[in-house]
Amino acid sequence: MKRNYSGCAICDSTWGNLWEDVEGERMFFCCDVCLTQFRRLVDRVKRETGWSAIEALEIEGDRRGRRCLAASGEARFRFRIAFNSLGEIRAFERLAVG
Amino acid sequence: MTQCPACRLPLGEGDYLALAIHLVDRADASDSPHVRWLNQNLARQRTDPADLVGGLRKVYDLGSGTIKDWIKSKFISKFFGANPHPFVVALQHPSRSTLLGYVVEHQHFLRQWVRSCSFIMARTDQPSVVLYELDNLNTEFGGFGPSRVSHYELLLRMGESLDLARSQVLATPPLPATRAALEEWNEIATREHWVAVLAAMHSLELIANRNLVDVGASVRYFDPAILRGSEITDASKNFLREGYEADVGHSDEALALVAQFGTRPDLLEEVQSTFLRSIDLFDDYLLARLERATQFEA
Ligand SMILES: [Zn+2]
Ligand SMILES: [Zn+2]
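Draft legend 1. Local environment of the coordination of the zinc ion (ligand 2). Residue and element names in this part refer to chain B. At the metal site, the zinc ion (ligand 2) is ligated by Cys4 (SG), Cys7 (SG), His22 (NE2) and His34 (NE2), and these contacts range over 2.0 to 2.3 Å. One can describe the site at the zinc ion (ligand 2) as tetrahedral: its 4 donor atoms subtend angles covering 106 to 115° at the metal. Along the chain, the residues donating to the zinc ion (ligand 2) fall in the pattern C-x2-C-x14-H-x11-H. One end of the pair, cysteine 7, is in the loop between strand S1 (2–3) and strand S2 (10–11); the other, histidine 34, is in helix H2 (residues 32–41), with 27 residues separating them in the sequence.

Here is the structure:
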């Protein structure tokens with residue numbers, strides 16, 4: 001998955017030392033809450049789009065809420081996502097692509 | 001002594017190097033509360049402990065102000081900064097679901113509140129603190145007879161005015177995120193010095209302190225215009241107005257007690273660390289209110 005973050009896959013921090021397989025790829029996370037967030041994000045995007053895989057993901061924002069752009073082939077999916085303190089999704093909104 | 005602001009581990013007084021070593025050590029183990037604290041308070045890029053000492057000293061430094069000023073400024077930057085807490089944003093002009101999320105989670109918060117404040121009373125040797133807590137607990141939970149009911153009762157009435165029966169509110173368990181925060185507040189209340197508990201709990205009443213806008217808050221807890229007009233139910237106005245009027249006094253008075261009894265240098269750092277942990281828990285808890293609110297969205 002092509003991503004705009006080089007640190008933790010969801011928050012870009014370089015603290016922590018958690019490496020986990022997500023979607024067949026070994027990814028770095030700063031903590032287990034971020035890992036949960038990322039897994040929930042991926043599952044939700046796949047469910048909303050029907051895609052079998054996310055090829056690229058761009059994230060902007062912070063713990064208050066994130067705006068993301070996901071891509072699979074030519075298809076694009078834009079959304080806003082926010083999590084609770086345990087890493088579960090508490091808000092999700094599709095945004096217009098453009 | 002100082003304490004870790006993420007897990008309250010006791011460390012030597014003023015020993016910021018030991019604290020930095022501990023924080024980095026726990027962060028290297030990917031421990032979420034420590035990583036979070038570092039990310040939000042010091043740096044998002046991993047560095048060595050020695051590079052964090054200056055930053056830690058700065059976090060704890062009261063500068064030319066008092067502990068009251070320090071607590072207020074930390075609280076403001078966390079909840080009322082340029083990017084205010086999402087619950088505060090939602091409460092400016094609240095929807096029915098936001099208010100119901102507030103009702104359902106907050107009844108649990110208030111019940112823990114009674115426990116936490118009771119521990120302060122049980123452990124303090126200061127009559128002025130006991131009197132303060134008695135008054136606070138009556139305002140929040142006990143009430144002063146039918147003409148002046150408690151904040152807890154006003155909360156339940158707000159729920160009823162929005163068609164949520166109190167029996168249903170009382171029968172709903174807290175969300176896991178709320179439960180986790182309440183459990184840790186309970187642990188703080190039973191284990192930490194009573195002055196630290198006083199600071200940890202009553203600083204949270206700053207959330208409704210309308211005077212924070214005079215010292216740098218970007219917004220109030222809610223737009224006071226909603227107390228006029230017909231945007232929200234009368235019972236909701238009564239609930240919000242009560243906090244709006246009581247919590248200026250509650251938070252300012254408690255912080256004055258913290259300043260009076262908590263300035264011994266060894267105790268001061270304990271007060272600061274316990275407060276820092278408590279506002280992280282409060283951040284989590286306020287999000288849980290929003291999480292609950294989504295269940296009431298059509
Ligand atoms: Zn992270
Ligand atoms: Zn710690």
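From this point on, the discussion continues.
Draft legend 2. Spatial organisation of the environment of Ala180(B). Topologically, Ala180(B) is positioned in helix H10 (residues 176–191). A C-alpha to C-alpha distance of 28 Å links Ala180(B) and Val248(B), two positions 68 residues apart in sequence.

Draft legend 3. The arrangement of the coordination of the zinc ion (ligand 1) in detail. All names here are of chain A. Within the protein, the atoms that donate to the zinc ion (ligand 1) are Cys8 (SG), Cys11 (SG), Cys30 (SG) and Cys34 (SG), at distances of 2.3 Å. The site at the zinc ion (ligand 1) holds 4 donor atoms, and with the angles between them running 103 to 116°, its shape is tetrahedral. Counting gaps between the donor residues of the zinc ion (ligand 1) yields the pattern C-x2-C-x18-C-x3-C. Of this pair, cysteine 8 sits in the loop between strand S1 (2–3) and strand S2 (18–22) while cysteine 30 sits in the loop between strand S3 (25–29) and helix H1 (32–49); the two residues are 22 residues apart in sequence, bridging distant segments of the chain. The same class applies to cysteine 8 and to cysteine 30, which are both buried.

Draft legend 4. Seen up close, the pairing of S3(A). Residues and elements named next belong to chain A. Bridge analysis of S2 against S3 gives 5 bridges, and the strand direction is antiparallel. Note on S3: the bridge partner recorded for glutamate 20 is methionine 27. What sits between S2 and S3 in their antiparallel hairpin is a turn of 2 residues, with glutamate 23 showing a positive phi close to 50°.

Draft legend 5. Inspection of the packing of aromatic side chains at higher detail. All names here are of chain B. Under the counting rule described, the total for this entry stands at 27 aromatic pairs over all chains. For the ring pair phenylalanine 222 and tyrosine 244, a centre distance of 5.2 Å and an interplane angle of 40° mean the geometry is tilted. Residue phenylalanine 222 is found in the loop between helix H11 (194–202) and helix H12 (234–261), and its partner tyrosine 244 is found in helix H12; the two are separated by 22 residues along the sequence. Take phenylalanine 222 and tyrosine 244: they sit in the same class, and that class is buried. The rings of Phe75, Phe79, Phe80, Phe109, Trp113, Trp185, Phe282 and Tyr285 are connected pair by pair, giving a single aromatic cluster. Directly above the ring of phenylalanine 144 sits arginine 148, whose terminal nitrogen or CZ lies 4.2 Å from the centroid. Over the ring of phenylalanine 87 we find arginine 289; its NZ or CZ atom is 4.8 Å from the centre of that ring.

Draft legend 6. Just the interface of chain A and chain B, in detail. Contact residues are listed per partner, giving 20 residues for chain A and 28 residues for chain B. With both sides pooled, the region where chain A packs onto chain B buries about 2000 Å², and carbon together with sulfur makes up 52% of that total. Ranking the residues of chain A by area buried against chain B places Trp15(A), Arg64(A) and Arg90(A) at the top, with a combined share of 44%. Where chain A packs against chain B, one counts 2 salt bridges. Salt-bridge contacts for Arg63(A) lead to Asp283(B); the nearest nitrogen and oxygen are separated by 2.9 Å. Seen at the junction of chain A and chain B, the total is 14 residue pairs in polar contact (both at pLDDT 80 or more). Taken together, the residues of the side of chain A that touches chain B sort by class into 8 nonpolar, 6 polar and 6 charged.

Rules of the game
- Residues numbered from 1 in each chain as written.
- Chains lettered and ligands numbered in written order.
- Predicted model: local features only at pLDDT ≥ 70, side-chain atom pairs only at ≥ 80, totals over all residues.
- Heavy atoms only, no water.
- Donors = N, O, S within 2.8 Å, 3.2 Å for Na, K, Ca; no water.
- Tetrahedral: all angles 85-135°; square planar, octahedral: opposite > 155°, others 65-115°.
- Helix = DSSP H or I, 4+ residues; strand = E, 2+ residues; numbered from the N terminus.
- Buried < 20%, exposed > 50% of the residue type's maximum accessible area, 1.4 Å probe, protein only.
- Pairing = 2+ DSSP bridges.
- Phe/Tyr/Trp six-rings, centres within 6.5 Å; stacked < 30°, edge-to-face > 60°.
- Lys NZ or Arg CZ within 6 Å of the ring centre and 35° of its normal.
- Contact = heavy atoms within 4.5 Å.
- Buried area = accessible area lost by both parts, 1.4 Å probe.
- Salt bridge = Lys/Arg side-chain N within 4 Å of Asp/Glu carboxyl O.
- Polar contact = N/O pair within 3.5 Å; in protein donor to acceptor, adjacent residues only side chain to side chain.
- Nonpolar A, V, L, I, M, F, W, Y, C, P; charged D, E, K, R; others polar.

Geometric descriptors of this kind do not, in isolation, establish any biological role.
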